[in-house]
Amino acid sequence: MTTLDTIGSREALRSLDQGRLLVLAEEIRAFLIDKVTRTGGHLGPNLGAVELTIALHRVFDSPRDAIVFDTGHQAYVHKVLTGRVKGFDRLRRPGGLSGYPSRAESEHDWVENSHASTSLSYADGLAKAFALRGQHDRRVVAVIGDGALTGGMAWEALNNIGSAQDRPVIIVLNDNGRSYAPTGGGLAEHLAAGPGEANFFTELGLAYLGPVDGHDTPEIERALCRARVLDRPVVVHVRTIKGKGYPPAEADEADCLHAVGTVDPATGRPASPGPPTWTTVFGQELLRLAEKHDELVAITASMLRPTGLNPMAVAFPGRVFDVGIAEQHAVTSAAGLAMGGLHPVVAVYATFLSRAFDQVLMDVGLHRLPVTFVLDRAGITGPDGPSHHGMWDLAILSAVPGLRVAAPRDATGLRQLLTEAVECDHGATVLRLPKASVGGDIRALATMDGIDILHRSAARPLDVLLLPVGPLAAAALEAAAELERHGIGVTVADPRWVLPVNPALPGIAARHALAVSIEDGIRTGGAGSALALACADAGVTTPVHALGLPRAYLPHGSRGTLLVQAGLDAAGITRAVLQRTGRADIPVDTEGSP
Ligand SMILES: Cc1ncc(C[n+]2csc(CCOP(=O)(O)OP(=O)(O)O)c2C)c(N)n1
Ligand SMILES: CC(=O)[C@@H](O)[C@H](O)COP(=O)(O)O
Ligand SMILES: [Mg+2]
């Protein structure tokens, strides 16, 4: 019987003496390494939060006291301590444990959104609610990383929390000195300055306790107990080590094994390097363009390597800026760079650009500035779940006047479109790339009005027009072959620049009996909706059917499975066309997946 087996309740956890606490921490570390190296997940962050989370659950009475985790990627220990040990064999698997807090999983979980820098705002709201409902005994604890603290929302919340001396929000700053890479900026320098430094938190109206050794459970508990009874807003500054206790993580210069796939537990590395990804191809091409165009600069929001900017950063360190987890600042500072005569490339995950929509619309779009956005993880991403799927960008960006969106279907297309984007000096451009390895090139048979014709049935070319967005071209071509076997003629066309709609597309659609757009994004307001509107405006009566993702929060799972479930694989596209051409009776071969 391990100590971990004995802590089925908070009372049992609180009953452990210091010796057993040390044993428990090591058992949890070994558990995390064993499970997460098999399933994939956020290993480094959680290894650094072991003692901190044990202390939190010994001092506070969750869920009566609310413990809110910022970003939520470091909540595995919280899940271990709240009865979910058994779920870790299926962490981030379809139907299995979420990699983030999940309200459906436990009453101890509050925030499911994995977007950083939100915890202090939730905490401010919860504290107000508890106060207004007379629940003055309930504490609100926000656990925020030093990286997440570089996000603007956190400072908006601090401004409010600091001014409310009667609402005792307890902010636990989990300071491991890193986001992915070492955290940069004035805040990080201040936090690293050492205990003697007067802490600006006090000037904002918050008490400050620390710095505390984040791997000494009793010391953390003493600080948390003081915070608990202070009865005013307080920051408990906890110093931790990302990847603590696992040498491959502690030694990992890049990001302390921040997020891993299935890896060898002995090394923390995958058994074999995977095939080239879209990110890799982008990073290499951006470097080539940076060598050619001195005006090219790049910006990341604390994700230099994950977005592929590292090659350019190594070659041109003065032209790549990491602004912290601050997408809004990234976009508007890009507007400033463009106003200053440069051409910025803002590299960001698609889901995180949502946070900076106003900046795209009013700081870049309104001024018609030459800024290029490269959205990685566009479309279904998979294991990170609903707040990570990059499925909103086409719908929200379709509203920005003058902004153009491209979706490359292969590596050659990515290189060509990135060149076109960075050479465009009269407005914003966007490229969207999926979380996937890049497939083989798909050559065009012909190009007309900027539209690549990928396939045209010899027999009856004008039955159905398939318009895949980006990499879904491969599934569309497979569907075309299947449809032809049923005597349906298919044209497959790739406009490359998918928004705004290419003015030649309604004319092409008019020559077909049915037009079907296919996009890895929500169908409401996406590329298909835009095409239908363009056809209507042009008086084209060809029915337009938009295949895409539902306007829903999709669960975590594998990208392939989720695309199949959305009908965005070859079989799904084929079924959709057969249904709309009165041939629903024909059975469709459902083998294979995108
Ligand atoms: C708005 C937003 N941008 C980027 C990310 C990607 N991201 C996830 S965790 C992370 C680093 C967080 O650093 P920190 O808060 O210090 O937590 P740690 O991993 O160090 O425990 C980043 C940038 C995100 N989740 N949300
Ligand atoms: C928590 C967070 O936002 C990131 O760590 C994200 O999980 C990384 O996603 P990828 O693994 O797709 O880079
Ligand atoms: Mg950190």
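The name an unreviewed UniProt entry assigns to the chain is 1-deoxy-D-xylulose-5-phosphate synthase, from the organism Streptomyces formicae. According to UniProt, the comment filed for the chain under the heading Sequence similarities (unreviewed entry) is "Belongs to the transketolase family. DXPS subfamily." Looking at the chain in UniProt, the text filed under Catalytic activity (unreviewed entry) is "D-glyceraldehyde 3-phosphate + pyruvate + H(+) = 1-deoxy-D-xylulose 5-phosphate + CO2".

**Q** Explain the overall build of the chain to me, using residue names and the numbers behind them.
**A** The helix and strand tally for the chain stands at 24 helices and 18 strands. A compact globule built from 594 residues would reach a C-alpha radius of gyration of about 25 Å, and the chain, at 26 Å, matches this within 12%. Dimensions along the principal axes, computed over C-alpha positions, put the chain at roughly 80 × 55 × 50 Å. Summed over all atoms, the accessible surface of the chain reaches about 22,800 Å², with 54% contributed by carbon and sulfur. The distance from the centre of the 53 positive side-chain charges to the centre of the 64 negative ones in the chain is 3 Å.

**Q** Which residues make up the coordination of the magnesium ion (ligand 3), and what are the values?
**A** At 2.0 to 2.2 Å from the magnesium ion (ligand 3) lie its protein donor atoms, namely Asp146 (OD), Asn176 (OD1) and Arg178 (O). Each donor residue of the magnesium ion (ligand 3) lies on the same chain, and together they follow the pattern D-x29-N-x1-R. With a relative accessible area of 13%, Arg178 lands in the buried category.

**Q** Got a sec to walk through empty space enclosed by the protein? Specific residues and values, please.
**A** Inspection of every chain in the model, using the stated rule, returns three cavities of 30 Å³ or more. Here the largest cavity is characterised by a volume of approximately 90 Å³. Lining of the largest cavity is provided by Leu467, Pro468, Val469, Pro495, Val498, Val501, Leu505, Ser517, Ala527 and Leu531. At the level of elements, strand E14 (464–468) and helix H22 (527–537) are the ones that each hand at least two residues to the lining of the largest cavity. As a volume, the second largest cavity reaches approximately 70 Å³. Forming the boundary of the second largest cavity are Ala378, Ala407, Arg432, Leu433, Pro434, Val469, Gly470, Pro471, Leu472, Asp520 and Arg559. Considering only residue class, the lining of the second largest cavity consists of seven nonpolar, one polar and three charged.

**Q** An account of the nonpolar core is requested, with residue identities and associated values reported.
**A** Core analysis: the biggest nonpolar cluster contains 37 residues, and Leu353, Phe373 and Leu397 have the highest contact counts within it. The element best represented in this core is helix H15 (residues 327–339), accounting for six residues. Setting aside residues no more than four positions away along its own chain, Leu397 makes contact with Leu353, Val360, Leu375, Leu403, Val405 and Val430.

**Q** Please give an account of the site of ligand 2 that cites residues and values.
**A** Every residue close to ligand 2 is listed here: His42, His73, Tyr100, Tyr180, His258, Tyr349, Phe352, Arg377, Asp384, His388 and Lys435. Contacts to ligand 2 include Asp384, whose side-chain N or O atom sits 3.0 Å from an oxygen atom. Expressed as a share of its isolated accessible area of 360 Å², the protein-covered part of ligand 2 is 89%. A class-by-class count of the residues in the shell around ligand 2 yields four nonpolar, four polar and three charged.

**Q** Residues and numbers for the UniProt feature "binding site: thiamine diphosphate" (unreviewed entry) in the chain, please.
**A** Using the residue numbers shown here, the UniProt feature "binding site: thiamine diphosphate" (unreviewed entry) corresponds to His73, Ser114, His115, Ala116, Gly147, Ala148, Asn176, Tyr246 and Glu327. An extended arrangement is adopted by the annotated residues: their sequence extent is 255 residues, and the largest C-alpha distance between any two is 31.4 Å. Tracing the backbone through its elements, the reader meets Ala116 in the loop between helix H6 (76–80) and helix H7 (119–132). The exposure class assigned to Ala116 is buried, which follows from its relative accessible area of 10%. Among all residues touching Ala116, those that are not within four sequence positions of it are Asp70, Thr71, Ala148, Ile325 and Arg355. Position of Gly147 among the secondary structure elements: in the loop between strand E2 (140–145) and helix H8 (152–161). What makes Gly147 buried here is its relative accessible area of 5%. Excluding residues that lie within four positions of it along the chain, Gly147 makes contacts with Arg178, Ser179, Thr183 and Ile325.

**Q** Explain the site of ligand 1 to me, and be specific about the residues and the numbers.
**A** In the vicinity of ligand 1 lie 22 residues, with His73, Gly147, Asn176, Lys242 and Glu327 positioned nearest. Between ligand 1 and the protein, one listed contact pairs an oxygen atom with a side-chain N or O atom of Asn176 at 2.8 Å. Taking Lys242, its side chain carries an N or O atom lying 2.8 Å from an oxygen atom of ligand 1. Here ligand 1 loses 98% of its free accessible area of 590 Å² to cover by the protein chains. In terms of residue class, the shell around ligand 1 is built from seven nonpolar, 10 polar and five charged.

**Q** Run through the pattern of salt bridges, naming residues and quoting values.
**A** Two side chains bearing opposite charge may form a pair once their charged atoms approach each other closely. This structure, assessed with the given rule, holds 28 salt bridges. Close ionic contact of Arg288 with Glu285 constitutes a salt bridge, the shortest N to O distance being 2.6 Å. In this pair, Arg288 and Glu285 both sit in helix H13 (residues 278–292), three residues apart, roughly one turn of the helix. In this structure Arg288 comes out as partly exposed when scored by relative accessible area, which is 38%. Between Arg496 and Asp452 there is a salt bridge, with the nearest N and O atoms lying 4.0 Å from each other. Linking Arg496 in the loop between strand E15 (490–494) and strand E16 (497–499) with Asp452 in strand E13 (residues 451–456), this pair joins segments that are 44 residues apart in sequence. By the burial criterion, Arg496 is buried, and Asp452 matches it.

Basis of the calculations
- Residues numbered from 1 in each chain as written.
- Chains lettered and ligands numbered in written order.
- Predicted model: local features only at pLDDT ≥ 70, side-chain atom pairs only at ≥ 80, totals over all residues.
- Heavy atoms only, no water.
- UniProt positions renumbered as here; feature names shortened; annotations may be inferred.
- Helix = DSSP H or I, 4+ residues; strand = E, 2+ residues; numbered from the N terminus.
- Rg over C-alpha atoms; globule rule 2.2 N^0.38 Å.
- Areas by Shrake-Rupley, 256 points an atom, 1.4 Å probe, with all protein chains shown as cover.
- Lys, Arg positive; Asp, Glu negative; His and termini not counted.
- Charge placed at Lys NZ, Arg CZ, Asp CG, Glu CD.
- Donors = N, O, S within 2.8 Å, 3.2 Å for Na, K, Ca; no water.
- Buried < 20%, exposed > 50% of the residue type's maximum accessible area, 1.4 Å probe, protein only.
- 1 Å grid on protein atoms, 1.4 Å probe; cavity = no way out; pocket = protein on both sides within 12 Å on 5 of 7 lines; lining within 4 Å.
- Points joined across faces, edges and corners; volume = space filled by probe spheres on them.
- Nonpolar A, V, L, I, M, F, W, Y, C, P; charged D, E, K, R; others polar.
- Core = buried A, V, L, I, M, F, W, Y, C linked by side-chain atoms within 4.5 Å.
- Contact = heavy atoms within 4.5 Å.
- Near = heavy atom within 4 Å.
- Polar contact = N/O pair within 3.5 Å; in protein donor to acceptor, adjacent residues only side chain to side chain.
- Salt bridge = Lys/Arg side-chain N within 4 Å of Asp/Glu carboxyl O.

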